[in-house]
Amino acid sequence: MKRVIVRDIVIGEGMPSICVPMVSKTAAQLLEEAQMLVGIDLDIVEWRVDFYEDVEDIAKVKETLRDIRSILNNIPLIFTFRSAKEGGERALSLVDYVTLNLEVAETGMVDMVDVELFTGDAEVVALVKAVHNAGAKIIMSNHDFEKTPSEDEIVARLVKMQEFDADLPKIAVMPQSETDVLTLLSATNRMREQYANRPIVTMSMAGAGVISRLAGEIFGSALTFGAARKASAPGQVPVDELRQVLTLLHKSL
């Protein structure tokens, strides 16, 4: 299985990488948040730009991104607009969503761009090609905040992302029972053993799903999300506690 290397971080080898989201609303708050994250034991930062109050002004997005990039220095940065239909803070038109991601990728200031699987096949193909041409990686994602699909469906979505040439296929689902958590973990393990030729990222959300954020090295999820100031999704563990548990599990394997 090939690894994904982003700056000095290797995703898909050993202990899962830890990503922390930035979720502030204003430019000033974002820069303060970035300064705070530099002092934390993390691997990757994600800018959840759907929280940003000026997200519809691409010039301001680029200006703020430039400042964030200068603060983070060599820390890898994921650029993510999470759409309202997948649990994000707001909606953008399809044209605006594609334009935002394309223009940001072309700045060369982000290392990875999140592209939602169900954006539309033609748009996904175009975004993958453009982002790769710009020298960035693709995290292709799908989020279900209502339920956990069947194991077959979870695997099918991850396989489809891989077929679209996503560097990191990612799926997050909501459990309605403990069995749903097992479904997610089983799908992750099956994907790794039978289909994956690259790292994958999976998680079961909320309290019941926390185990999935911790046990990635066992079942096959290569990246996990922790919270520093404010969680971007239910079930995210404080990053310092997350590092402790991941280290403990890693030493046991």
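On a predicted model such as this, the values are computed, not experimentally measured, just so you know.

## Some words on the UniProt feature "active site" (unreviewed entry) in the chain
Part 1 of the argument: Sequence positions flagged by UniProt for "active site" (unreviewed entry) are, in local numbering, His 143 and Lys 170. What stands out for the annotated residues spanning 28 residues is how close their C-alpha atoms remain, the widest pair being 8.6 Å apart.
Part 2 of the argument: Mapped onto the secondary structure, His 143 falls in strand β7 (residues 137–144).
Part 3 of the argument: The contact partners of His 143, leaving out residues within four places of it in the chain, are Arg 82, Glu 86, Lys 170 and Ala 172.
Part 4 of the argument: Position of Lys 170 relative to the elements: it lies in strand β8 (residues 168–173).

## Here's the deal with the packing of aromatic side chains
Part 1 of the argument: Under the definition given, this model contains three aromatic pairs.
Part 2 of the argument: Relative to Phe 79, the ring of Trp 47 has its centre 5.8 Å away and its plane inclined at 85 degrees; by these criteria the two rings are edge-to-face. Of the two residues, Trp 47 sits in strand β4 (residues 44–48) while Phe 79 sits in strand β5 (residues 77–80), which places them 32 residues apart along the sequence.
Part 3 of the argument: Relative to Tyr 97, the ring of Phe 81 lies with its centre 6.2 Å away and its plane at 70 degrees, an arrangement referred to as edge-to-face. Of the two residues, Phe 81 is situated in the loop between β5 and α3 (94–106) and Tyr 97 in helix α3; the sequence distance between them amounts to 16 residues.
Part 4 of the argument: An aromatic cluster of three or more residues is present, and its members are Trp 47, Tyr 52 and Phe 79.

## A closer look at the sheet that holds strand β10 (residues 223–227)
Part 1 of the argument: Pairing in this open sheet of nine strands is parallel, and the strands run β9-β8-β7-β6-β5-β4-β3-β10-β11 from one edge to the other. In the strand order of this sheet, the two ends are held by β9 (201–204) and β11 (237–238), each with one partner.
Part 2 of the argument: As defined by bridge partners, β7 adjoins β8 across six bridges and the pair is classed as parallel. Along β8, the bridge assignment pairs Asp 144 with Val 173.
Part 3 of the argument: Across the sheet, helix α4 (residues 121–133) lies against β6 (112–116) and β7, angled at about 145 degrees from β7, the strand it touches most.

Rules used throughout
Residues numbered from 1 in each chain as written. Predicted model: local features only at pLDDT ≥ 70, side-chain atom pairs only at ≥ 80, totals over all residues. Heavy atoms only, no water. UniProt positions renumbered as here; feature names shortened; annotations may be inferred. Helix = DSSP H or I, 4+ residues; strand = E, 2+ residues; numbered from the N terminus. Contact = heavy atoms within 4.5 Å. Phe/Tyr/Trp six-rings, centres within 6.5 Å; stacked < 30°, edge-to-face > 60°. Pairing = 2+ DSSP bridges. Axes fitted to C-alpha atoms, helices over the stretch in contact; angles between N-to-C directions.

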